[in-house]
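What follows is the residue order along each chain.
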Amino acid sequence: MAKHKKYLKKYEDDFEDIATELGDLRYDSLSIFLELLSKKLDKDSIADGERNRKKLSFELLEASKKIKEASKNIDKAWEICEPHM
């Protein structure tokens, strides 16, 4: 049995729908999701580093950092939009 799923049950390989639903979230909620995803990838990076999977660990860490940065950009977008909602 595979540890990592290929898709989310509700979406059955329909990643476009996932992207649309996430993109339709309010920016404050989207920012929270991105922050949580960043933390998950960081945790995975640490675990793979401990298993001596250095290249994988590095790439996951880089992805984590970039998603965290995206979360900050979405926070700024929320600051712009919030007064108009």
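Look up: the structure comes first, before these words.
Residues numbered from 1 in each chain as written. Predicted model: local features only at pLDDT ≥ 70, side-chain atom pairs only at ≥ 80, totals over all residues. Heavy atoms only, no water.

Enquirer: Could you clarify how one ought to interpret the packing of helix H2 (residues 27-50) against helix H3 (residues 54-81) in this entry?
Expert: Two quantities define a packed helix pair, namely the angle between the helix axes and the distance between the axes. Where H2 meets H3, the axes come as close as 8 Å, and the angle between the chain directions of the two elements is 165 degrees. The pairing of H2 with H3 is recorded here as roughly antiparallel in orientation. Every pair of crossing elements has a handedness; the one defined by H2 and H3 is left-handed. (Axes fitted to C-alpha atoms, helices over the stretch in contact; angles between N-to-C directions. Helix = DSSP H or I, 4+ residues; strand = E, 2+ residues; numbered from the N terminus. Parallel < 35°, antiparallel > 145°, perpendicular 65-115°, else oblique. Left-handed = near helix turned anticlockwise from the far one by under 90°.)

Enquirer: Would you mind showing me how to read the side chain of Ser31 here?
Expert: Structurally, Ser31 is set in helix H2. Side-chain polar atoms of Ser31 contact the side chain of Ser71, separated by 3.0 Å. (Polar contact = N/O pair within 3.5 Å; in protein donor to acceptor, adjacent residues only side chain to side chain.)

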